[in-house]
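Here are the chains, one letter per residue:
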Protein chains: 2
Amino acid sequence: MPDAGPAPASGGRYAGRSAASAVATIASVARVTLQTIADEVGVSRMTVSNAFNRPDQLSAAMRAKILATADRLGYTGPDPTARALVRGSSGAIGVLLTDDLAYGFRDGVATDFLAAVADELGPTGLSLTLLSSEGRDGVVPARDVAVDGVLVFSCSLDSTARDWLVKRGLPLVLVDQEPDPGFASVGIDDYHGARLAAQHLVDLGHRHVGILISGGSPGTVGRLADPRREAEGWKYVSRQRLAGFLDVLEAAGAEAVAHHVAEHGDHAAAEQAREILGANPRPTALLCYSDVLAAGALRAAEDMGLAVPDDVSVVGFDDNPLATRVRPELTTVRQDAYAKGTAAARALTEALRTAQDGEPAEPVEVVLPTELVVRESSGPAPG
Amino acid sequence: MPDAGPAPASGGRYAGRSAASAVATIASVARVTLQTIADEVGVSRMTVSNAFNRPDQLSAAMRAKILATADRLGYTGPDPTARALVRGSSGAIGVLLTDDLAYGFRDGVATDFLAAVADELGPTGLSLTLLSSEGRDGVVPARDVAVDGVLVFSCSLDSTARDWLVKRGLPLVLVDQEPDPGFASVGIDDYHGARLAAQHLVDLGHRHVGILISGGSPGTVGRLADPRREAEGWKYVSRQRLAGFLDVLEAAGAEAVAHHVAEHGDHAAAEQAREILGANPRPTALLCYSDVLAAGALRAAEDMGLAVPDDVSVVGFDDNPLATRVRPELTTVRQDAYAKGTAAARALTEALRTAQDGEPAEPVEVVLPTELVVRESSGPAPG
DNA sequence: AAGTGGTTCTTGATCGGTACAGTAGCCGAG
DNA sequence: CTCGGCTACTGTACCGATCAAGAACCACTT
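Residues numbered from 1 in each chain as written. Chains lettered and ligands numbered in written order. Predicted model: local features only at pLDDT ≥ 70, side-chain atom pairs only at ≥ 80, totals over all residues. Heavy atoms only, no water.

## Structural notes on the overall build of chain A
Counting secondary structure elements, chain A contains 15 helices and 13 strands. Put simply, 73% of the contacts in chain A that link residues at least 6 apart link residues at least 24 apart. For chain A, the exposed area adds up to about 16,900 Å²; of that, 51% sits on carbon and sulfur atoms. (Helix = DSSP H or I, 4+ residues; strand = E, 2+ residues; numbered from the N terminus. Contact = heavy atoms within 4.5 Å. Areas by Shrake-Rupley, 256 points an atom, 1.4 Å probe, with all protein chains shown as cover.)

## Structural notes on the pattern of salt bridges
According to the stated counting rule, one finds 40 salt bridges over all chains in the structure shown. Ionic pairing is found between D318 of chain A and R241 of chain A, a salt bridge with its closest N-O pair at 3.1 Å. Pair noted here: D318 of chain A is in the loop between β10 (313-315) and β11 (332-334) and R241 of chain A is in helix α12 (residues 236-251), with a separation of 77 residues, a long-range link. For the pair formed by D318 of chain A and R241 of chain A, the shared burial category is buried. One salt bridge in this structure joins R72 of chain B and E40 of chain B, with 3.3 Å as the shortest N-O distance. Of this pair, R72 of chain B sits in helix α4 (residues 60-73) while E40 of chain B is found in helix α2 (residues 34-41), placing the two residues 32 residues apart along the sequence. According to the relative accessible area criterion, R72 of chain B is partly exposed, its value standing at 47%. (Salt bridge = Lys/Arg side-chain N within 4 Å of Asp/Glu carboxyl O. Buried < 20%, exposed > 50% of the residue type's maximum accessible area, 1.4 Å probe, protein only.)

## Describing the interface of chain A and chain B
Counting from both sides, the interface comprises 57 residues of chain A and, opposite them, 64 residues of chain B. For the pair chain A and chain B, the two sides together bury roughly 5,300 Å², of which 57% comes from carbon and sulfur. The interface formed by chain A and chain B includes two salt bridges. Here D71 of chain B ties to K167 of chain A by a salt bridge, and the two come within 3.4 Å at their closest N and O atoms. Summed over the shared surface of chain A and chain B, the result is nine residue pairs in polar contact (both at pLDDT 80 or more). (Buried area = accessible area lost by both parts, 1.4 Å probe. Polar contact = N/O pair within 3.5 Å; in protein donor to acceptor, adjacent residues only side chain to side chain.)

## Structural notes on the protein's contact with DNA strand D
Around DNA strand D, 27 residues are found, and the nearest of them are M46, S49, N53 and Y75 of chain A together with T47 of chain B. Sugar plus phosphate: this is where 66% of the atoms of DNA strand D within 4 Å of the protein reside. A distance of 2.9 Å separates a phosphate oxygen of DNA strand D from a polar atom in the side chain of R54 of chain A. The contact in question runs from a phosphate oxygen of DNA strand D to an N or O atom on the backbone of S44 of chain B, over 2.8 Å. Of all the secondary-structure elements, those providing two or more residues to the surface near DNA strand D are α3 (45-53) and α5 (80-87) of chain A together with α3 (45-53) and α5 (80-87) of chain B. A per-class count over the surface near DNA strand D returns 13 nonpolar, eight polar and six charged. (Near = heavy atom within 4 Å. Nonpolar A, V, L, I, M, F, W, Y, C, P; charged D, E, K, R; others polar.)

## Examining helix α2 (residues 34-41) of chain A
Residue and element names in this part refer to chain A. Three or more residues of α2 are buried, namely L34, I37, A38 and V41. One side of α2 holds all its buried residues, which, seen down the axis, span an arc of 100 degrees. Residues of α2 that are buried in the fold lie against α3 and α4 (60-72). Between the side-chain oxygen of the N-cap and the backbone nitrogen of Q35 there are 3.1 Å, and the N-cap of α2 in question is T33. Looking at the residues trailing α2, positive phi occurs at G42, about 90 degrees. (Arc of directions from axis to C-beta.)

## Concerning the nonpolar core
Counting 55 residues, the largest nonpolar core has L128, L130, L151 and V173 of chain A together with L128, L151 and V173 of chain B as its most contacted members. Setting aside residues up to four positions removed in sequence, L151 of chain A forms contacts with I93, G94, V95, L96, F113, V117, V173, A344 and L348 of chain A. (Core = buried A, V, L, I, M, F, W, Y, C linked by side-chain atoms within 4.5 Å.)

## Here's the deal with the sheet that holds strand β10 (residues 313-315) of chain B
In space, the five strands of this open sheet follow the order β7-β8-β6-β9-β10 (chain B), with mixed pairing throughout. On the outer flanks of this sheet lie β7 (222-223) and β10 of chain B, each paired with one strand and no other. (Pairing = 2+ DSSP bridges.)

## Some remarks on the sheet that holds strand β9 (residues 285-288) of chain A
Two strands in a sheet stick together by hydrogen bonds in their backbones, pointing the same way (parallel) or opposite ways (antiparallel). Residues and elements named next belong to chain A. Pairing in this open sheet of five strands is mixed, and the strands run β7-β8-β6-β9-β10 from one edge to the other. Of all the strands in the sheet, the pair left with one neighbour each is β7 (222-223) and β10. Bridge analysis of strand β6 (residues 208-213) against strand β8 (residues 255-260) gives six bridges, and the strand direction is parallel. Its bridge partner lying in β8, I213 is registered against H260.

## Things to note about the relation of the copies chain A and chain B
Mapping chain A onto chain B calls for a rotation angle of 180 degrees and an axial translation of 0.1 Å; the resulting RMSD is 0.1 Å. Such a combination of rotation and displacement between the chain copies is what one expects of a two-fold axis. Nearest to the rotation axis, the C-alpha of T129 of chain A is located 2.1 Å from it, this being the minimum over chain A. When the interface residues of chain A are mapped onto chain B, 79% of them again lie at the interface, so the same face is used by both copies. (Least-squares fit on C-alpha atoms with pLDDT ≥ 70 in both.)

## Some details on unusual backbone geometry
With glycine set apart, most residues show a phi of negative sign, and most peptide bonds adopt trans. The omega angle of the peptide bond from V308 of chain A to P309 of chain A is 10 degrees, so this bond is cis rather than trans. Assignment of secondary structure puts P309 of chain A in the loop between α14 (291-303) and β10. Geometrically, the link from N280 of chain B to P281 of chain B is a cis peptide bond, its omega value of 0 degrees lying close to zero. Within the secondary structure layout, P281 of chain B lies in the loop between α13 (266-277) and β9 (285-288). Phi angles above zero are rare outside glycine, and D318 of chain A is one such case at about 115 degrees. Phi is positive for D319 of chain B, which is not a glycine, with a value near 55 degrees. Examined against the element boundaries, D319 of chain B turns out to sit in the loop between β10 and β11 (332-334).

## Concerning α2 of chain B
Looking only at α2 of chain B, the buried set comprises Q35, T36, I37, A38 and V41 of chain B. For α2 of chain B, the elements touching its buried residues are α3 and α4 of chain B.

## Things to note about the side chain of S313 of chain A
All names here are of chain A. Checked against the element boundaries, S313 lands in strand β10. On the basis of relative accessible area, S313 is assigned to the buried category, the value being 0%. At 2.8 Å, the side chain of S313 and the backbone nitrogen of G379 are in polar contact. Excluding residues within four positions of it along the chain, S313 makes contact with L201, H206, T284, A285, L286, S377, S378 and G379.

## Topic: the packing of α5 of chain A against α5 of chain B
Between α5 of chain A and α5 of chain B, the least distance of the axes is 9 Å, while the angle of their chain directions is 145 degrees. The element α5 of chain A and its partner α5 of chain B pack so that their crossing is left-handed. Of the residues in α5 of chain B, those in contact with T81, A82, A84 and L85 of chain A of α5 of chain A are T81, A82, A84 and L85 of chain B. Partitioned by chemical class, the residues of the contact of α5 of chain A with α5 of chain B number six nonpolar, two polar and no charged. (Axes fitted to C-alpha atoms, helices over the stretch in contact; angles between N-to-C directions. Left-handed = near helix turned anticlockwise from the far one by under 90°.)

This is how it looks when you write it as structure tokens:
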């Protein structure tokens, strides 16, 4: 079956590794701890501890001797868990991603955000733990995982996971959530951005605009009879953007047709876009909740033989990397997800610091600006 | 001010702890522990512990009383850290991403992989901790973060982080790494896949093929004089794919021009692609290490006014989601990154299980298949 | 010679829990 | 009336480390 045989090259050296695993087998039985080293060297446990954490507390000679012995016995340094217990901090911060964890890895905005968090946290030595909202099997990550603080990201309002975090009294930073006094929050000016997008279309002469939005209950798909009302229970960001769209369109006397997309993906978006664009008279433009949805709209237009922007303009939101990968490149509202991640990480480390010092924290509230980026997908209303 | 005031009554004995709690009161609101609840209810610490972990060990009435009291005092359940210490496991598994953490969030293959891991881990209640390879500031995540096992993903050979993990004796699963007896490994048949891609071009009549590859030292950019030799120190996956490309091309008597791309991104790839396609005679096809690079190649071709696939064929690798988002859609070698993630997560949970039972683990070695997916970006050699 | 100050190491308590081996009270069987 | 067997709790010993004091020793003052 393997028509290609084993990989060429390699010829690697396996030395050491095999020995390591042999040791590991035994090691799991008789663990090496500070005490083991202490006994071996003939000093107290504390001195060994100091050899690792406080070089200035013992003589260089002794330290060298201890480190050498530790190395010989295969001791890798103080156990992280035990250290965490006594220090009262685990050295990890959590990220709560409600819907599904996969989202955090797929959406361009989420990944930019997380990348920034990772970059910002790196130097501090904190690591990043992903908390899934629902731990089946009786385990609730938000309750049972050791973290020093949490970034609550893109999380629905009724999250029990979030409630656990609050109960635990952990330092929290709310990201893209409705600001809540008592917690630091970081977000972008969604409302303003949405207004910019809508105004752009209005300025181009569009008076009949379709809206593609997601973020509400997965149950409601398709045209929204009364968008404002139906959006009341939605995620904060969705509500904000929708409000921005509608406020401007209504003020301009334009007709708006809003459709809710079941899930935040381009396929689902294309489906709704087809419905919107199939109407007669056809809207001359589409305002989308995100670039992901806009990409779906682009695809739908293409399938229907409509030229963008000549027949229909499409405007996205986020300035996802995706926005410049599609053709035509998307006119969109730019948010700096990376900056958002940086700000969130800073806010959290700051909160961690004040919590540690016992200072009463004064939660920051960051709102990053949004701006319109005009590219190829929008143009004057036809006709 | 204190809207919740100190715990009512609480005739408990704070002896010994009182000094500490006096400080704690200021610092972080006197902590509530098992003992606090025990004192309040008038039972032993152990009984409270059982109320949370072993309902069958006490009467339902007592349990209800304890739980109610715990709730009243704001106790959220046993401290994860302390529990981890005594249980010997932290409930989190790590993912080691060497280069930069951001990579794990940007590349489609990495995200698919991680999404699968997350999905697979969810039900087990394990959470996911991202380990950056280099913790500046004296902190080395691979050494200092509490995890039960680690997925070593896309990691260069000389990783000290990886060495720490090995030293710690943690269960490891190597993903897309050179298989190492002693550790479970999961990967795909890169060599075979690369052969398929190359053979596809050969079958289409191409005899002059450019190769775009990354994964070597960032220093070496541009044309490789002696690809096979220069690739010796490269990442396993890069070596495998390059070998597959070259073996087939050489066997077919085709001319191969390989360029190394500094970083795994489309911009850098476009740059190299421009160089390759600027040659005279121009190669009639481009074999790319990944779809990301292929996307860059596509962009370069477009900029140069070359039609794909009429003037030049482009073949990618991975079947990244990106592959069907670009125009023309990419002919590529499909790997199932999601399945890879699933397999890796399973292998690790399995390793965790055997390690716990003390059974001598027998590391699995999974090699997932790869297959050619022909789309729009490849066609017969021109002329 | 006693006092001062600085290293270098040790002791005992503690972090918050869980495992395991009791112990008491109670019930039916012999 | 006593004993095995339950049920419902309790006591003690860790898990592997760190912290805050304290002790021993050394060189130097005064």
